[in-house]
Amino acid sequence: METAIKYPLSEKEQEIINEARQEEVNASSWYNYLNFCFGNYGAESSEDWAYQEYKDERRHFKKLSDYLKVRGYEPEMPAIEEPKIDFTDMKSGFIAALDLEIGLAEKYDEWLD
């Protein structure tokens, strides 16, 4: 980790980064739960895919946290929301994953405007 630099962020910038961190940690939890759903369904390769997505979302969360740390901020661990998935079959799991990713992309678009 780099040494903290003095680069103050505006309150709005801090708010956006913390909101993004919240979304990423929730997405990570959501994919971890989907991983278990696929595993219970006996779909090993889909289970592996969901686990990889879980790790990717955790990495996004960590990068955002590290961004704050190198600027001298001490990020707090956000509360993790309980994943809500109406998992009835494989298709419903993948549709839910697509909806999650579309929702995240839309939020990033808003934040970057």
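In case you missed it, the structure is sitting above this.
When you look at the pattern of salt bridges in this model, what are you seeing that I'm missing?
Enumeration according to the criterion identifies four salt bridges in this entry. For D56, the salt bridge is made with R59, and the minimal N-O distance between the two is 2.9 Å. Separated by three residues within a single helix, D56 and R59 lie in helix α2 (residues 44–69), roughly one turn from each other. D56 gets classed as buried once you look at its relative accessible area, which sits at 16%.

What is the right way to read the nonpolar core from this model?
Within soluble globular proteins, side chains that are nonpolar generally end up buried alongside one another. The biggest cluster of nonpolar side chains holds eleven residues, and these are W30, Y31, L34, C37, F38, A43, A50, I85, F87, M90 and A97. Of all the secondary structure elements, the ones that give two or more residues to this core are α1 (11–41) and α3 (90–112). Looking at which element gives the most residues to this core, the answer is α1, with five residues. If near-sequence neighbours (up to four positions away) are discounted, M90 is found in contact with F38, Y41, A43 and S46. Counting residues in hydrophobic clusters, the runner-up holds seven residues, among them I16, A20, L64 and W111.

Whenever I open this one, the packing of α2 against α3 confuses me. Can you help?
Orientation of α2 relative to α3, taken along the N-to-C sense of each, is 15°, at an axis distance of 12 Å. When the axis of α2 is compared with that of α3, the two are roughly parallel. For α2 against α3, the interelement crossing comes out left-handed. Between α2 and α3, the residues in contact are S46, W49, E53, E57 and L64 and M90, F94, A97, E101, L104 and Y108, respectively. Tallied by class, residues from the contact of α2 with α3 come to seven nonpolar, one polar and three charged.

Mind showing me how you'd approach α3 here?
Because each turn of an α-helix spans 3.6 residues, side chains separated by three or four positions end up pointing in the same direction. Given a rise of 1.5 Å per residue, 23 residues ought to cover 33 Å, and the 33 Å separating the end C-alpha atoms of α3 matches this to within 8%. Those residues of α3 that fall on the buried side of the exposure criterion are M90, S92, G93, A97, L104 and W111. For α3, the secondary structure elements touched by its buried residues are α1 and α2.

So what exactly am I meant to see when it comes to α2 here?
Here α2 spans 37 Å end to end across 26 residues, near enough to the 38 Å set by a 1.5 Å rise per residue. Every buried residue of α2 is accounted for by S46, A50, E53, D56, E57, F61, L64, S65, D66 and L68. Taken together, the buried residues of α2 touch α1 and α3.

Got a minute to help me understand the packing of aromatic side chains in this structure?
Each pair of aromatic rings is reported with the distance of its centres and the angle of its planes. For the structure on display, the rule yields eight aromatic pairs. Judged by centre distance (5.5 Å) and plane angle (35°), the ring pair of Y51 and Y54 falls under tilted. Here Y51 pairs with Y54, and both are found in helix α2, just three residues apart, close to one helical turn. Measuring from centroid to centroid gives 4.8 Å for Y108 and W111, while their planes differ by 80°, and the two rings are edge-to-face. Of this pair, Y108 and W111 both sit in helix α3, three residues apart, which is roughly one turn of the helix. Cluster of aromatic residues (ring-pair linked, three or more members): W30, Y31, F38, Y41, W49, F87 and F94. Here R71 stacks its cationic end above the ring of Y67, 3.8 Å away from the centre of that ring.

What counts, and where the lines are drawn
- Residues numbered from 1 in each chain as written.
- Predicted model: local features only at pLDDT ≥ 70, side-chain atom pairs only at ≥ 80, totals over all residues.
- Heavy atoms only, no water.
- Salt bridge = Lys/Arg side-chain N within 4 Å of Asp/Glu carboxyl O.
- Helix = DSSP H or I, 4+ residues; strand = E, 2+ residues; numbered from the N terminus.
- Buried < 20%, exposed > 50% of the residue type's maximum accessible area, 1.4 Å probe, protein only.
- Core = buried A, V, L, I, M, F, W, Y, C linked by side-chain atoms within 4.5 Å.
- Contact = heavy atoms within 4.5 Å.
- Axes fitted to C-alpha atoms, helices over the stretch in contact; angles between N-to-C directions.
- Parallel < 35°, antiparallel > 145°, perpendicular 65-115°, else oblique.
- Left-handed = near helix turned anticlockwise from the far one by under 90°.
- Nonpolar A, V, L, I, M, F, W, Y, C, P; charged D, E, K, R; others polar.
- Expected span 1.5 Å × (residues − 1).
- Phe/Tyr/Trp six-rings, centres within 6.5 Å; stacked < 30°, edge-to-face > 60°.
- Lys NZ or Arg CZ within 6 Å of the ring centre and 35° of its normal.

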